[in-house]
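In case you want the letters, here they are:
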Amino acid sequence: MDFSEKLKNLRKSKNLTQEELAEALFVSRTAVSKWESGRGYPGIESLKEISDYFSVTIDDLLSGEKLLSLAEKENNRKIRNVCNFFFGVTDLLIFLLIILPLYPCSINGFVFSVNLFSYTTVTQSNLIIHWIMFISLIVIGMLKLLFMKSERKNTDKVISFISIVINIFLVLFLSLMREAYAIIITFLFLIIKIAIFFICIITSK
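Everything numeric in this text was worked out from a predicted model, so none of it was measured. (Residues numbered from 1 in each chain as written. Predicted model: local features only at pLDDT ≥ 70, side-chain atom pairs only at ≥ 80, totals over all residues. Heavy atoms only, no water.)

Peer 1: For this particular structure, what's the right way to read the environment of Ile196?
Peer 2: Among the structural elements, Ile196 can be located in helix 10 (residues 180-203). Sequence separation between Ile196 and Ser160 is 36 residues, and the spatial gap between their C-alpha atoms is 9.5 Å. Once residues lying within four places of it in the same chain are set aside, the contact partners of Ile196 are Cys83, Phe86, Phe87 and Thr90. (Helix = DSSP H or I, 4+ residues; strand = E, 2+ residues; numbered from the N terminus. Contact = heavy atoms within 4.5 Å.)

Peer 1: Quick question: what am I supposed to make of the packing of helix 2 (residues 18-25) against helix 3 (residues 29-36) here?
Peer 2: When two helices pack together, their arrangement is given by the angle between their axes and by how far apart the axes lie. In contact at an axis separation of 8 Å, helix 2 and helix 3 are set at 110° when each is read in the N-to-C sense. In terms of their interaxial angle, helix 2 and helix 3 are classed as roughly perpendicular. You can see that helix 2 and helix 3 cross each other, and the crossing is right-handed. Seen from helix 2, the contacting residues are Gln18, Glu19, Leu21, Ala22 and Leu25; seen from helix 3, they are Arg29, Val32, Ser33, Trp35 and Glu36. Residue composition of the contact of helix 2 with helix 3, by class: five nonpolar, two polar and three charged. (Axes fitted to C-alpha atoms, helices over the stretch in contact; angles between N-to-C directions. Parallel < 35°, antiparallel > 145°, perpendicular 65-115°, else oblique. Left-handed = near helix turned anticlockwise from the far one by under 90°. Nonpolar A, V, L, I, M, F, W, Y, C, P; charged D, E, K, R; others polar.)

Peer 1: How do you make sense of a nonpolar patch on the surface when you look at a structure like this?
Peer 2: Judged by side-chain polarity, Leu93, Phe95, Leu96, Ile99, Leu100 and Phe117 come together as a nonpolar surface patch covering roughly 500 Å² of accessible area. Assignment of secondary structure puts Leu96 in helix 7 (residues 96-99). Leu96 gets classed as partly exposed once you look at its relative accessible area, which sits at 30%. (Patch = residues over 30% accessible without salt bridge, like charges linked within 9 Å, V, L, I, M, F, W, Y side chains within 5 Å. Areas by Shrake-Rupley, 256 points an atom, 1.4 Å probe, with all protein chains shown as cover. Salt bridge = Lys/Arg side-chain N within 4 Å of Asp/Glu carboxyl O. Buried < 20%, exposed > 50% of the residue type's maximum accessible area, 1.4 Å probe, protein only.)

Peer 1: Would you explain the state of the cysteines in this entry?
Peer 2: Note on terminology: a disulfide is the covalent bond linking the sulfur atoms of two cysteines. Per the stated rule, a full pass over the model turns up zero disulfides. For the unlinked cysteine Cys83, the closest cysteine sulfur is that of Cys200, found at 3.6 Å. According to the relative accessible area criterion, Cys83 is buried, its value standing at 8%. (Disulfide = S-S within 2.5 Å.)

Peer 1: What exactly am I supposed to notice about the pattern of salt bridges here?
Peer 2: Pairing is possible between side chains of opposite charge, provided their charged atoms come close. Within this structure, the stated rule accounts for four salt bridges. Arg11 is the partner of Glu36 in a salt bridge, and the nearest nitrogen-oxygen pair spans 2.6 Å. With Glu36 in helix 3 and Arg11 in helix 1 (residues 3-13), the pair connects residues that are 25 residues apart, well separated along the chain. The class for Glu36 is buried, based on a relative accessible area of 5%. Assessed through its relative accessible area of 10%, Arg11 is described here as buried. For the salt bridge of Asp156 with Lys144, the shortest nitrogen-to-oxygen distance reads 2.9 Å.

Structure representation (structure tokens):
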């Protein structure tokens, strides 16, 4: 008997509705409906709750092979969440490129380092490019953190890929502008994000 049938029978044995079971397990009714229709399986924690609530073992609910598969998926999901968190934080740290004195400014023959707000020795168009790229990466970082636990892997990969592409263009742009300090930080962020991106790809297989 499939897990979906077992759960449905256990629920009916206690004369519970899907909504009442959902409340007892602290999950949504949609989740219970999905489990009973065979469109998904609960996570390890939810399995433990079901096991305790109906006084059955986890082995009674799922076969050993399915349980191992579920545990592996759960572990991969947690790794992806951690990766998404650090990816998002890395993009948010682009804010440092706005507030730190990383840009050369020549005053009376002397060169000073200033932040982006005080960067006046650059054309208006180049300054706008700086702001567009920085703000784009910060927004992407916010999105990564907001949708950190999303199950949409493809969307997640697309957002990460866009972030990396923008980061590459930013490194090239800063190189053309000869902004050495900003280049070092941006390149470091790029390396970190590429490493995280590949870890996410590996764990999503």
